[in-house]
Every structure is written in C-alpha cells, then in structure tokens.
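Working through the structure, step by step
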Amino acid sequence: MVNIVKDSFGKKLTTLVIPIAFQQFMTALVSASDAFMLGFLSQNSMAAVSLAGQVMFVYSLFIFGITAGTSIFSAQYYGKGDKGAVERILGISLDFSLIVSAVFTFMSVSFPSMLMRIFTSDSELISLGAGYLRIVGITHLLLGVSQIWLTVMKNCGQATHSAVISAASMGLNILLNALLIYGFHIGIAGAAYATVISKIVELVWAIAVMFKSNDIMIRLKNLLSPDHILLGDYIKAAAPVLGNMLMWGCGFTMYSVIMGHMSSDAVAANSIANIVKQLLICICSGVASGGSIMVGNELGRGNLSLAKEYGARLCKIAIISGFITGGVILLTIPLLGLIPTLTPTARHYLRYMLVVCSYYVVGKAVNMTTIAGIFCSGGDSRFGFICDSITMWAVTVPIGLISAFVLKLPVLTVYTLINIDEIIKLPAVYRHYKKYYWVRDLTREAA
C-alpha cells in the first residue's frame, strides 16, 4: 500500500504543484513588476502603489474565503463524479463573489483617497495611490467571475489549463507595464491600465474555455435559484475560512498600517520585502493548494486512509520547501541592495527585513499547507479561524501597535516583533493536525 501511495502521490502532486506554483509565481511577479518598474521612477511611486495594493489584498481575502468553499466542495464532488453538484456550488460561489466585488469596485472608484488614508498619512502617497485605485478598481468585478471559474477548473482536472490562462494574463500585465510606464511615460496610471486590460483578457479567455469544453458550465438557473441544501453546506464550510482569512489578512494589513505610519523608508523597504517573500513562496503555495485538491479528491471518493497518508507526506514536503525558500531569500539580499532609487536608510531596513523573512517563510509554509490546505480539504476550517484570531489580534497586532506608537521602538525592532505570528502558532497547528478532524467526506448523494 505504501509503495502505491508513494508512486501515485508523486505523480499527482507534480501535475498539480507545478502549474499552481507557476500561477502563484506569475501573480506575485505582477506585483513585483509594478513595484520595481515604478521604483526606478521614484521611491514614492513604488510605495504608493504598494499601499494601494493593500486594498486589493483585503479584497483577495474575501475572494480566497469564497474560493476556499468552492475548492472544498468542487474537489470532493468532482472526485465523487457528481458534476451537477459542482455546477451548483459554482453558482453559489459566483453569487457571493459578485456581491463582494461590486462593493470593492464602488469604494475604490468613488472613495480612493479615503481608502489610502487608512494606510498612510503621507499626502503625496495618498494622492499617488488614489489615482492608481480609481483606475484599477474595475478589476474587482472582473476577478469576481474569473477567479471563481479558474478555481473550479483547477479542482476539476484542468489545473494546467487554469494556470496557463492566469500566467498568460500576468505575462501580458508585465509587458503592458513596461510599455505604458516607460514607452508612453504615464507612470502609475500605466500600471493601473495594464492591470485592467490583462484582467479583461483573462476573463474573456476563461469564459471561452468554458463554452468550448461544455463540461462544467456557469448556468443562470444556479445563479438565480441556488440549491439551499448545498448553500447550507457551503456556508458552514466557507464561513470559518472567510473569518480566518479576514482575521489573518486584516491583521497582516495592520502590519502595513503600522509600517506606513513610521516612515516612507520603512514603507519602501517593507514593500520590497513582501514582494520578494511572495515571489519565492510560490512553491510552498503550490504544495498547499495542490495538496488540498489531492486530499479533497480522495476524501470525496471515500479513501480516508489514503487521504490521511497524503496529508502526512505533504507536511514533510512543506517543511523542506520552507527551508529552501528561506535560503533563497537570504541569497537575494546583495542583489536588492542595488535598487538605485532606495535611500541608504531604506536599503539598510530591507537587508534586515529579508533576514526576518527567511525564518518567517518556514513557519508560513507549514501553516499554509496544514491550515489552508489539508484542514480545509475536509471542511475543518474552524481551527484556522480561532488560531489566527488569537495569534494576530491577541498577540502580534497589539505588540506591533504598542512597540511602534507607545514605546516608539526602532523600525527594525517593530518589524521583527510583527513577524513572529507564523512561528508561535506551529505547536498548536501540529497538535490539531494529529487529531485528524480533517479526515471527512463532506459530499451528499445525488438527488
């Protein structure tokens, strides 16, 4: 049995992790291209777009919570062979996604300066970031459809196709960035227009693939009349994930708020450190997402012991990938110090922040694979909500606020303190993993 598990595990994981990791890398690469291309214009342009990107980050938390529910049920029902249930889950997910997306589009287009003031008090950064938000806000509606459909594709045997669409969209975004920022010399607005155009292409391509395959479809009846039994199952599983993402994500956003109110040098250094971290953690993200699909498929088929074995192997791979990622981050330190528009102070901050990131990603890799991957695949999402709520809002966010604004500690001390969250929750995550509450088949029999 073990040999069969190992053989099938390696093949399945490879076919899922490579396209998903590449997709994650391309997503992070777009943020990196925005920052670095604008960084060669001015440090404030880069910092402003990074802070404006926090609005998109908060939006992505809602979408992640919605797609997590989509992923849980589409993986299990597809593993079971019930495509009708997958289509009904798709309709439910789109209903929630479109509501959230409309709200974020309205706020970004109508009140961009107000949103920027949440993250910084610097008038120049507010002005630059508001101009970016006003243009890029429309992408929320586009992503509200494309991300849900691409998630279903990824969980239903089309992970490679989903990754190709996303990666091509990201590649187009990067090319348009270069053309509009440098070719047409329209700076921040160019980065925003590049994002909008690429997301339009992504949505049109994704919908075209759906109609061409004619397999799993977005059907109007499922949007207007959702299956109430599946809706209840979906909310029960997805609500804790959404709560978890909001608790974690808003806490993570508070870190940017804290750094944003310390100095523009701190903002610039923190922006680049976050980009490097997101670029290099893509393999860990691929293991978490791919592992979730694999475990979910086996749970839906009723292969509970095999799903449990998959979970054990995924945890080992997560630890290894975390250490490798941390080592690569350390290797980037000499290169990033060469960015010409960074002040000497910002360069100094960046070097130290990257050292902190190198240990942060080890804990992040493990927690991402277990909490967001393995646990969620079996609908065990309540633990993540409780764990992140306590860790961030009872420990690291208060510590960050007190150290920055009451004790007025140095920037690098504050940065170190707010980056201990992934490490301190590891013991609790391990104990919960060993209870195996996540080994559950959530599917229902077809009506």
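Residues numbered from 1 in each chain as written. Predicted model: local features only at pLDDT ≥ 70, side-chain atom pairs only at ≥ 80, totals over all residues. Heavy atoms only, no water.

This part takes up the overall build of the chain. When you go through the chain residue by residue, the secondary structure sums to 18 helices and zero strands. Expected size for 447 residues packed as a compact globule is a radius of gyration near 22 Å; at 21 Å, the chain falls within 12% of this value. For the chain, the C-alpha atoms occupy an extent of roughly 60 × 45 × 35 Å along the three principal directions. The buried share of the chain, reckoned over its 447 residues, is 58%. (Helix = DSSP H or I, 4+ residues; strand = E, 2+ residues; numbered from the N terminus. Rg over C-alpha atoms; globule rule 2.2 N^0.38 Å. Buried < 20%, exposed > 50% of the residue type's maximum accessible area, 1.4 Å probe, protein only.)

Turning next to the packing of aromatic side chains. Inspection of the entire model under this criterion finds nine aromatic pairs. Ring centres 5.9 Å apart and planes at 75° place the aromatic pair Phe 106 and Phe 111 in the edge-to-face group. Counting every residue linked through ring pairs, the aromatic cluster contains Tyr 59, Phe 62 and Phe 104. A cation over a ring is seen here: Lys 277 above Tyr 360, with NZ or CZ 4.2 Å from the ring centre. Here Lys 308 stacks its cationic end above the ring of Tyr 436, 4.0 Å away from the centre of that ring. (Phe/Tyr/Trp six-rings, centres within 6.5 Å; stacked < 30°, edge-to-face > 60°. Lys NZ or Arg CZ within 6 Å of the ring centre and 35° of its normal.)

A grouping of Val 164, Leu 179, Phe 184, Ile 186, Tyr 193, Ile 197, Val 201 and Trp 205 is seen on the molecular surface, where their side chains present a nonpolar patch of about 700 Å² in accessible area. Elements that contribute at least two residues to the nonpolar patch include exactly helix 7 (159-183) and helix 8 (187-213). A per-element tally of the nonpolar patch places helix 8 first, with four residues. In this fold, Phe 184 is placed in the loop between helix 7 and helix 8. (Patch = residues over 30% accessible without salt bridge, like charges linked within 9 Å, V, L, I, M, F, W, Y side chains within 5 Å. Areas by Shrake-Rupley, 256 points an atom, 1.4 Å probe, with all protein chains shown as cover. Salt bridge = Lys/Arg side-chain N within 4 Å of Asp/Glu carboxyl O.)

Turning our eyes to something else, we now look at helix 5 (residues 123-136). Owing to its 3.6 residues per turn, the α-helix brings residues three or four apart onto one side. End to end, helix 5 covers 20 Å across 14 residues, agreeing with the expected 20 Å (1.5 Å per residue, within 8%). Listing the buried residues of helix 5 in full gives Leu 125, Ile 126, Gly 129, Ala 130, Tyr 132, Leu 133 and Val 136. The residue sitting at the N-terminus of helix 5 and contributing the capping side-chain oxygen is Asp 122; that oxygen lies 3.0 Å from the backbone nitrogen of Glu 124. (Expected span 1.5 Å × (residues − 1). Polar contact = N/O pair within 3.5 Å; in protein donor to acceptor, adjacent residues only side chain to side chain.)

Any two side chains of opposite charge can pair, on the condition that their charged atoms come close. Scanning all chains against the criterion turns up eight salt bridges. Among the salt bridges present, the one from Lys 199 reaches Glu 202, with a minimum N-O distance of 4.0 Å. Residue Lys 199 and its partner Glu 202 are located together in helix 8, separated by three residues, close to a single helical turn. With a relative accessible area of 8%, Lys 199 lands in the buried category. Relative accessible area serves as the criterion here: at 1%, Glu 202 is assigned to the buried category.

Moving on, we come to the layout of surface pockets. Regions of empty space are outlined by a rolling probe, equal in size to a water molecule, passed over the atoms. Quantified by volume, the largest pocket comes out at close to 320 Å³. Breaking the lining of the largest pocket down by element, the ones donating at least two residues are helix 10 (228-260) and helix 15 (382-406). In terms of residues, the lining of the largest pocket owes the most to one element, helix 10, which gives four residues. Its residues assigned to classes, the lining of the largest pocket comprises six nonpolar, three polar and six charged. (1 Å grid on protein atoms, 1.4 Å probe; cavity = no way out; pocket = protein on both sides within 12 Å on 5 of 7 lines; lining within 4 Å. Points joined across faces, edges and corners; volume = space filled by probe spheres on them. Nonpolar A, V, L, I, M, F, W, Y, C, P; charged D, E, K, R; others polar.)

Right, let's get into unusual backbone geometry. Of note, the phi angle at Lys 408 is positive, near 50°, even though the residue is not glycine. Position of Lys 408 among the secondary structure elements: in the loop between helix 15 and helix 16 (411-417). Exposure remark for Lys 408: the relative accessible area of 62% places this residue in the exposed category. With phi around 60°, Tyr 436 is a residue other than glycine that occupies positive phi space. Note on placement: Tyr 436 falls in the segment after helix 18 (426-433).

Those residues of helix 4 (residues 112-119) that fall on the buried side of the exposure criterion are Pro 112, Leu 115, Met 116 and Phe 119. Looking straight down helix 4, one finds that the buried residues subtend no more than 100° of arc, so they occupy a single side. Those residues of helix 4 that are buried are in contact with helix 2 (43-80), helix 3 (83-110), helix 5 and helix 10. (Arc of directions from axis to C-beta. Contact = heavy atoms within 4.5 Å.)

The geometry of helix 2 relative to helix 6 (residues 139-155) is characterised by a closest axis approach of 9 Å and an angle of 25° between their N-to-C directions. When the interaxial angle is binned, helix 2 and helix 6 end up roughly parallel. Along this stretch, helix 2 crosses helix 6, giving a crossing that reads as right-handed. The segment helix 2 lies against helix 6, with Met 56, Tyr 59, Ile 63, Ile 66, Thr 67, Thr 70, Ser 71, Ser 74, Ala 75 and Tyr 78 engaging Thr 139, His 140, Leu 143, Gly 144, Gln 147, Ile 148, Thr 151, Val 152 and Asn 155. By residue class, the composition of the contact of helix 2 with helix 6 is nine nonpolar, 10 polar and no charged. (Axes fitted to C-alpha atoms, helices over the stretch in contact; angles between N-to-C directions. Parallel < 35°, antiparallel > 145°, perpendicular 65-115°, else oblique. Left-handed = near helix turned anticlockwise from the far one by under 90°.)

Looking at the secondary structure, you find Glu 298 in helix 12 (residues 282-300). Polar contacts involving the side chain of Glu 298 include one to the side chain of Arg 301, which spans 3.0 Å. Among residues more than four places away in sequence, those in contact with Glu 298 are Lys 12, Asn 303, Leu 306, Ala 307 and Tyr 310.

Okay, the environment of Ser 381 next. Position of Ser 381 among the secondary structure elements: in the loop between helix 14 (344-377) and helix 15. Linking Ser 381 and Lys 236, residues 145 residues apart in sequence, is a C-alpha distance of 9.3 Å. In this structure, Ser 381 is in contact with Ala 237, Pro 240, Val 241 and Cys 376, ignoring residues within four places of it in sequence.

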